[in-house]
Every structure is written in structure tokens, then in C-alpha cells.
Amino acid sequence: MHIDILTVIPELLESPFQHSILKRAQEKGLLTLQVHQLRKWAVNEYGMVDDYQYGGGAGMVMMCEPLTKAIEELSKSRLYDEIIFLTPDGETFNQKIANFLSLKENLLLICGHYKGIDERIREHFVTKEISIGDYVLSGGELPAAIIVDAIGRLLPGVLNDETSALTDSFQDNLLAPPVYTRPEDFRGWKVPDILLSGNHKKIEEWRHEEALKRTNKRRPDLTEND
Ligand code: ADE
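Parameters and conventions
Residues numbered from 1 in each chain as written. Predicted model: local features only at pLDDT ≥ 70, side-chain atom pairs only at ≥ 80, totals over all residues. Heavy atoms only, no water. Pairing = 2+ DSSP bridges. Helix = DSSP H or I, 4+ residues; strand = E, 2+ residues; numbered from the N terminus. Right-handed = clockwise from strand over helix to strand, strands pointing away. Core = buried A, V, L, I, M, F, W, Y, C linked by side-chain atoms within 4.5 Å. Buried < 20%, exposed > 50% of the residue type's maximum accessible area, 1.4 Å probe, protein only. Contact = heavy atoms within 4.5 Å. Domains from an automatic or database assignment. Axes fitted to C-alpha atoms, helices over the stretch in contact; angles between N-to-C directions.

**Thoughts on the pairing of strand 5 (residues 82-92)**
- In this structure, strand 5 lies alongside strand 6 (residues 106-111), joined through five bridges in parallel fashion. Looking at strand 6, one finds that Phe85 is bridged to Ile110.
- Note on the crossover from strand 5 through helix 3 (residues 95-102) to strand 6: the handedness is right-handed.
- Pairing between strand 5 and strand 7 (residues 128-131): five bridges, direction parallel. Bridging from a neighbouring strand, Ile84 pairs with Lys128 of strand 7.

**Remarks on the nonpolar core**
- In this structure, Ile3, Ile5, Phe93 and Leu101 are the most contacted members of the largest nonpolar core, which totals 31 residues.
- Elements that contribute at least two residues to this core include exactly strand 1 (2-7), helix 1 (20-27), strand 5, helix 3, strand 6 and helix 5 (141-152).
- Of the residues forming this core, the biggest block, six residues, is contributed by helix 5.
- Those residues in contact with Phe93, other than ones at most four positions away along the chain, are Ala98, Leu101, Ile130, Ser131, Ile132, Ile147 and Ala150.
- In this structure, Val8, Trp41, Leu108 and Val126 belong to the second largest nonpolar core, which totals 19 residues.

**Considering the domain arrangement of the protein**
- On domain assignment, one finds that the protein holds domain 1 (2-152) and domain 2 (169-222).
- Computed from C-alpha coordinates alone, the two centres of domain 1 and domain 2 are separated by 37 Å.

**A short note on the sheet that holds strand 6**
- Taken in spatial order, the five strands line up as 2-1-6-5-7 in an open sheet, and their pairing is parallel. Each edge of the open sheet carries a strand with a single partner, namely strand 2 (32-37) and strand 7. Pairs of neighbouring strands in the sheet enclose a mean axial angle of 30 degrees, with direction left out of account.
- Of the pairings in the sheet, the one linking strand 1 to strand 2 comprises six bridges and is parallel in character. By the bridge assignment for strand 2, Asp4 is matched with Gln34.

This is the structure in C-alpha cells:
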């Protein structure tokens, strides 16, 4: 999979992709990422990419021209499956969307800033609008990093244990069950006996029960309307 990201602050995206699972995904050649400075397509020599909004009001709006030039130039080398704009008024991101996007070949993520981007870009180029939650961030860079992380770990071959992405919380509309590691007894706080029993069938049943209990208690909405 290849992901291009358009941003006015590429520095914000330097570290998130250079560690752990995303680093491994790139080293294995399963994921390629390119972060592009939108100012490369600025309308003047000062790097202008935003302007005042028509009708008045505080906050600058990212202009049509730099975004259009960037999208059109990048589209010459790739056929994007989705051109995604990160915005608080988009569809709320979840595991289902991560799964859907992880099956694509080429994605372009557009990070908004200031007051947002000119609506005409949304109408004419953007195919999907995603929010990472009901709160407003100062830009789309952190949401883009979150989306790339959620997608990257789903690509086949990225995780060592092929099954582990499937047993994550949310993959089956259930939260994950509790997990424990050594020691068996820490300050008198014991690991549940069943996990030490070696009986894999019973352990799986216990985990499923715990996942159900946890989901019903914390996120009953996940199992409703199924
Ligand atoms: N940009 C600003 N806030 C955002 C959010 N909650 N989700 C996605 N992009 C955003």
C-alpha cells in the first residue's frame, strides 16, 4: 500500500512513522509513505496557501489552487482509491473504516489547517471525509497519523503474529478481554487460575466471556443492533 499525505506541517509527521510496527511495515516493503509539503504548490514565492474567507469571519481557508495542483500532480503517478480529507465534520473513524481502507492500494490524505479547506476541493476531489472524534484539533496531521497507524498494522504480514490484529478490540464488535503476564502473583494480586491451566479451549471460552462482560459494561452500544 502507498499513502501520500499533504500538509503544511510535515514536521508533525516525522516521528510517528519511524518506530515500531509502522517502521517494520515500511522496512518489509508492505507500506510506503510520502509526506508532501503543500507549500511546494503555493500561489506565490512567500509560500501562500491560505486566504481570508469570503463573507468575512475569523480564520483562514486553504485555497483551491495549491491543493488542486498538488492533487493533480500526485495523481499523475498514482490512481488513488480514496482521497481523504481529515476534518471534524467527517464520518467518525472506527475499526470498520480502518479495515476497509487497509484493502486499498493508494490513498491520499489531506490535512486541513486553519478554518478548513475551500469547499470546492471537497466537492471535486475528496472522496471520503474522516473525523477521529468529536473534538477539534488544530490540524489534520495527528488524525492522519492515527489513521495510518490503524491501517498499517492491518496490512497482511505487518504483524508477526498474523492473528493478533484479528483479536484486537473492535474487530468482532467486542472489547478485548483482560491480559496478564509474569509474575503469577504480584503483591498478592493473582492471575486468574484458568489462564494457568493449559486448557486452551477453556481459556478461549473464558476470554470470550470476559470480552462480552467488558463490552456490555463499558460499551453496550457495540453489541446493539447486531
Ligand atoms: N482536524 C481537526 N480536528 C479533527 C478531528 N477531530 N478529526 C479529523 N481531523 C480534524
